[in-house]
Amino acid sequence: MYSTAAAAAAPPRRDFISVTLSPEEAVVGPGGYNNSKAWRRRSCWRKWKQLSRLQRSVILFLFAFLVVCGVISYTSMGEPWKSRCPQNIFFSSFCQKPPKPPHVRRGPSNLQIKPARKDVRLNTQHGSSRVVEELVQAEKEEKTEKSVISWRGAVIEPDQSTEPPSSKKKESEKPSSVEAEDQKEPVPINDRQMAVIEAFRHAWKGYKEFAWGHDELKPLSKSYSEWFGLGLTLIDALDTMWILGLKEEFEEARKWVANNLVFDKNVDVNLFESTIRILGGLLSTYHLSGDSLFLEKAKDIGNRLMPAFRTPSKIPYSDVNIGRGTAHPPRWTSDSTVAEVTSIQLEFRELSRLTGDQKFQKAVDEVMKHVHTLSGKNDGLVPMFINTNSGQFTHLGVYTLGARADSYYEYLLKQWIQGGKKENELLEDYMRAIEGVKQHLLQRSQPKKLTFVGELAHGHFSAKMDHLVCFLPGTLALGAHNGLTADHMKLAEALIETCYQMYAQVETGLSPEIVHFNLHAQKGHKDVEIKPADRHNLLRPETVESLFYMYRFTGDKKYQDWGWEILQNFNKYTRVPTGGYTSINNVQNPSNPEPRDKMESFFLGETLKYMFLLFSDDIDLINLDKYVFNTEAHPLPIWVPS
């Protein structure tokens, strides 16, 4: 046994380290070495106890200091690691990459529009509505979000802002155009889409050769007709050409817009038609192409349409002279139609968003707020006419979802979507109106029990349904996709079947303008009856429009097949060999459908566009969580918070 001590001597207290080894521990040889965990623990503890109090205090202080420094370093360095996201597994616990945004081939990149939630549903308390699904687990996790908005048992999650930008916003904050390379990236297309492209080129060939720069083509007489003298067909078709990828045709049309489209003309235009076709077409093309030419033209026509709102009631006149800056009602009445004054809002609101000038949105919002407060409605259903002097509904007691009222209901929903699902008065009016439709206008035909939407005149139900009403299945499906009650989708499925039968039960496979349904079974009679004055077909888009929505939201291929049948019948009975397509007078006579010698601008602006989108499986080709279509099929962006 031996000891080692400090050389200094004789203080009352000595600091020293002592190590003691037993004879057994000093032996090193075969079997003498003990390295067990128990022996090592006893040895370490013995050494610690043999340290002086001062030495142990110093060691503990140093250990505590290192721990504190480590904690401070972790908290200060954690955030930089998270933001920098180094490609190193050591830092993987601090770094989580954000999910990649979906690739969007069309549309401005700066919109930053997040997809609408698909898991949120509305539940109404009406007897005809069904109980909706439970909210999914994701909602339970998002406890920090704002509380839901409710209306009569309906719940919606407010996830987007509707506040328009201030007119004082900085130039850098204004919505900008997309980069060209993001817009012109080609989309893979299939055989049916190729057939649509061929049909468009055939129609465009006739327009270019016989009606270039004029409003509408007369394909049989190889001439044209004028309505406003503003190249309606060309402007209506701009965004269709962009979506179809027809760059050469688009560039030719752009040159005409740049060099020949002049709004300083002494001409009366219809406020509604010029808004949805011209203003809507220019705004849509601006967003898709990023070309400021179209925005400048949109500003010009928008300003020239504003005199229509100079009325005692703020309900706009139907007609505007865009050269003189004057407006007036039709010559035979002081009324405007309800659909026309309530279906210009998407376009004027978007023009305010782009320009920062709130006068456009203020004018159209005042119309909606005024109509919201009016009496004369029937469970949300509105009359067809409104007086521009008194601001009151006229011709009370007549309710329809056809001509003169149809797009009022469509724009209630679409404004709510455009504005980010915050404007509750719009939603309230839409939900009430759909309940009114179910209560007063829905019936079933015989013998196939097709669900259809009729009309109500002073308490008397009429089994008459315009082809225009076939917008409704698509609108209902769009609402269900955006969180409204699930029974809207069930009604949409029933109504689109009816709209298809309006084609399938007719000799040419093309729908007439108006049908009457049989309410009682009669031997030898179909569900659909057609009167001689109603058997014309104008190449309308409403059924194809709803087929597009139904396929986009359900993926059911039958909707594509139905659309393919309609396109083939258009080619068979309305195609003109020298170029263009024509409306026909008699859908019941395959041998002589009696062509009318007119190709409406909406055939290129709407019908063929919806056909092309219907046949596409690319949901990013005009993504319905990012765009809302106006009533002329021109897509406008859904607003999101900046």
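Residues numbered from 1 in each chain as written. Predicted model: local features only at pLDDT ≥ 70, side-chain atom pairs only at ≥ 80, totals over all residues. Heavy atoms only, no water.

Looking at where Asn387 falls in the secondary structure, it is placed in strand β9 (residues 385–387). Polar contacts involving the side chain of Asn387 include one to the side chain of Asp335, which spans 3.0 Å. Residue contacts for Asn387: discarding those within four places in its chain leaves Ser313, Ile315, Ser334, Asp335, Gln392 and Thr394. (Helix = DSSP H or I, 4+ residues; strand = E, 2+ residues; numbered from the N terminus. Polar contact = N/O pair within 3.5 Å; in protein donor to acceptor, adjacent residues only side chain to side chain. Contact = heavy atoms within 4.5 Å.)

What follows concerns the pattern of salt bridges. Within the structure shown, the criterion is met by 26 salt bridges. A salt bridge links Glu249 to Arg201; its shortest N-O distance comes to 3.2 Å. Highlighted residues: Glu249 in helix α8 (residues 247–260) and Arg201 in helix α6 (residues 191–210), separated in sequence by 48 residues. In this structure Glu249 comes out as buried when scored by relative accessible area, which is 12%. When its relative accessible area of 44% is taken as the criterion, Arg201 is described as partly exposed. Asp466 is the salt-bridge partner of Lys464, the closest N and O atoms lying 2.9 Å from each other. By the burial criterion, Lys464 is buried, and Asp466 matches it. Through salt bridges with shared partners, a single ionic network connects Glu216, Lys598 and Glu600. (Salt bridge = Lys/Arg side-chain N within 4 Å of Asp/Glu carboxyl O. Buried < 20%, exposed > 50% of the residue type's maximum accessible area, 1.4 Å probe, protein only.)

To continue, consider empty space enclosed by the protein. Overall, the coordinates contain 2 cavities of 30 Å³ or more when judged by the stated rule. Considering only enclosed or pocket space, the second largest cavity measures out at about 40 Å³ in volume. In terms of lining residues, the second largest cavity is bounded by Asn270, Leu271, Phe272, Pro316, Tyr317, Ser318, Ser336, Glu340 and Val341. Counting residues per element, the ones that place at least two in the lining of the second largest cavity are α9 (271–289) and α11 (338–341). For the lining of the second largest cavity, the per-class residue count stands at 5 nonpolar, 3 polar and 1 charged. (1 Å grid on protein atoms, 1.4 Å probe; cavity = no way out; pocket = protein on both sides within 12 Å on 5 of 7 lines; lining within 4 Å. Points joined across faces, edges and corners; volume = space filled by probe spheres on them. Nonpolar A, V, L, I, M, F, W, Y, C, P; charged D, E, K, R; others polar.)

Note that Val469 resides in the loop between β16 (464–466) and α16 (472–481). Relative accessible area serves as the criterion here: at 4%, Val469 is assigned to the buried category. As a C-alpha pair, Val469 and Cys499 span 30 residues in sequence and 8.8 Å in three-dimensional space. In this structure, Val469 is in contact with Leu401, Gly402 and Val453, ignoring residues within four places of it in sequence.

What follows is about the state of the cysteines. Put plainly, a disulfide is one covalent bond tying together the sulfur atoms of two cysteines. A full pass over the atoms with the stated rule returns 1 disulfide. In this model Cys470 forms its disulfide with Cys499; the gap between the sulfur atoms is 2.1 Å. Disulfide Cys470 to Cys499: torsion about the S-S bond roughly -105°, handedness left-handed. A residue pair is termed long-range when its members are at least 10 positions apart, and Cys470 in the loop between β16 and α16 and Cys499 in helix α17 (residues 487–504) qualify at 29 residues. A relative accessible area of 1% places Cys499 in the buried class. (Disulfide = S-S within 2.5 Å.)

What follows is about the sheet that holds strand β6 (residues 319–321). Strand order in the open sheet formed by 3 strands is β5-β6-β7, and the pairing between neighbours is antiparallel. Taken across any chain shown, the strands that pair with only one partner, and hence form the sheet edges, are β5 (268–270) and β7 (326–328). Neighbour to neighbour, the strand axes of the sheet diverge by 30° on average, direction disregarded. Here β6 runs beside β7; their pairing, made up of 3 bridges, is antiparallel. (Pairing = 2+ DSSP bridges. Axes fitted to C-alpha atoms, helices over the stretch in contact; angles between N-to-C directions.)

The values are spatial; any link to function lies outside them.
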